[in-house]
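# Coordinate analysis (summary)
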Amino acid sequence: MTRWASAEALVLVAGVFAVLALAGLFVEVLDAVGDADDLTVIDRPTVAWLADHRTPTLTTVEIAITTLGDAKVLVPLVSLAAIAVAWRLRSWYPIVLTLVGLGGVHLLTNAIKVLVARPRPSPPDQAVTVVGYSFPSGHTTGSLVGFCLLAWLLCLLTKRASIRVAAWAVAIIAAVLVGLSRVYLGVHYPSDVIGGWLLALAWLGTVAVGARIFHRYRTSGR
């Protein structure tokens, strides 16, 4: 029991340090965006270059990909999955996990957008018309959290390593593609997307640490 408790403590400490490291990296990107230096020097040239090299076929594909990260698609999908898993496990845990994961990151992202108030790329560079602030990318942040929650929910139903690895791999690949599509379509700068990924990972880490502490508390109380 002592070894198990020590291992559990190490996992939690590692999780906290990972969250702090990711949050620190996000702050670095945020600082670069505020000062318009470092990473952001590639923002406008990248968006302009992509705008000059778009093709109708690839644009259609990228619009389809970016739609997967839309809250109107992702929120109902993750919510239905959470309800199904909750019913299967006879537990409220999947629903609470989804509410905290998606609800929390939505509030966090929008609060930062308002505080930073970064304008989006100019309309001539946009393949689709999008309004609102640019940093961080809401599609990028929300899709990474949403797809990872889907993988997390699936892992609650199986212990097969192959299925778990595949679920997480698909989630990460899908989230990366959504983020890249936002830059290709000219509605976000690269730093918006990178900031979104870091924010999403930091939030997922926070939720994971919290979930592990809660599980430990419930287990020890029995």
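First things first, this report covers the structure right here in the doc.

About the criteria used
Residues numbered from 1 in each chain as written. Predicted model: local features only at pLDDT ≥ 70, side-chain atom pairs only at ≥ 80, totals over all residues. Heavy atoms only, no water. Helix = DSSP H or I, 4+ residues; strand = E, 2+ residues; numbered from the N terminus. Rg over C-alpha atoms; globule rule 2.2 N^0.38 Å. Buried < 20%, exposed > 50% of the residue type's maximum accessible area, 1.4 Å probe, protein only. Contact = heavy atoms within 4.5 Å. Polar contact = N/O pair within 3.5 Å; in protein donor to acceptor, adjacent residues only side chain to side chain. Patch = residues over 30% accessible without salt bridge, like charges linked within 9 Å, V, L, I, M, F, W, Y side chains within 5 Å. Areas by Shrake-Rupley, 256 points an atom, 1.4 Å probe, with all protein chains shown as cover. Salt bridge = Lys/Arg side-chain N within 4 Å of Asp/Glu carboxyl O.

### Observations concerning the overall build of the protein
- Looking only at helices and strands, one finds eight helices and zero strands in the protein.
- For the protein, the α and β elements follow one another from N to C terminus as α-α-α-α-α-α-α-α.
- For the protein, whose C-alpha radius of gyration is 19 Å, the value lies close to the compact-globule estimate of 17 Å for 222 residues.
- For the protein, the spread of C-alpha atoms along the principal axes amounts to about 60 × 35 × 30 Å.
- The 222 residues of the protein split such that 39% are buried.

### What to know about the environment of Asp43
- Relative to the helices and strands, Asp43 is located in helix H2 (residues 43-52).
- Separated by 130 residues in sequence, Asp43 and Ile173 place their C-alpha atoms 22 Å apart.
- In this structure Asp43 touches Arg118, Tyr189, Pro190 and Ser191, once residues within four positions along its chain are discounted.
- Here Ser191 takes part through its side chain, which lies 2.6 Å from a polar atom of the side chain of Asp43.

### Topic: the side chain of Ser191
- Inspection of the secondary structure assignment puts Ser191 in helix H8 (residues 190-220).
- For Ser191, a relative accessible area of 0% gives the class buried.
- Contact partners of Ser191, with chain neighbours within four places excluded, come to Val29, Val33, Leu39, Thr40, Asp43, Arg118 and Phe135.

### Some points on a nonpolar patch on the surface
- Residues Ile172, Ile173, Val176, Leu177 and Leu180 make up a contiguous nonpolar surface patch of about 410 Å² in total accessible area.
- Here Leu180 shows up in helix H7 (residues 161-184).

### A short note on the pattern of salt bridges
- A complete count under the given rule lists two salt bridges for this structure.
- Notably, a salt bridge pairs Asp43 with Arg118, separated by 2.8 Å at the nearest N-O pair. With Asp43 in helix H2 and Arg118 in the loop between helix H5 (93-116) and helix H6 (138-155), this pair connects stretches of sequence that are 75 residues apart.
- Classification of Asp43 as buried rests on a relative accessible area of 1%.
- Two residues, Asp192 and Arg118, come together in a salt bridge whose shortest N-O distance is 2.7 Å. In this pair, Asp192 sits in helix H8 while Arg118 sits in the loop between H5 and H6, placing the two residues 74 residues apart along the sequence. Judged on exposure class, the residue Asp192 and its partner Arg118 are both buried.
- Within this structure, Asp43, Arg118 and Asp192 form a network of salt bridges that share partners.

### A word on the side chain of Ser134
- Within the secondary structure layout, Ser134 lies in the loop between H5 and H6.
- Using a relative accessible area of 0% as the deciding quantity, one classes Ser134 as buried.
- Once you skip the residues sitting within four places of it in the chain, Ser134 turns out to touch Lys113, Arg118, Pro119, Arg120, Pro121, Val187, His188, Tyr189 and Asp192.

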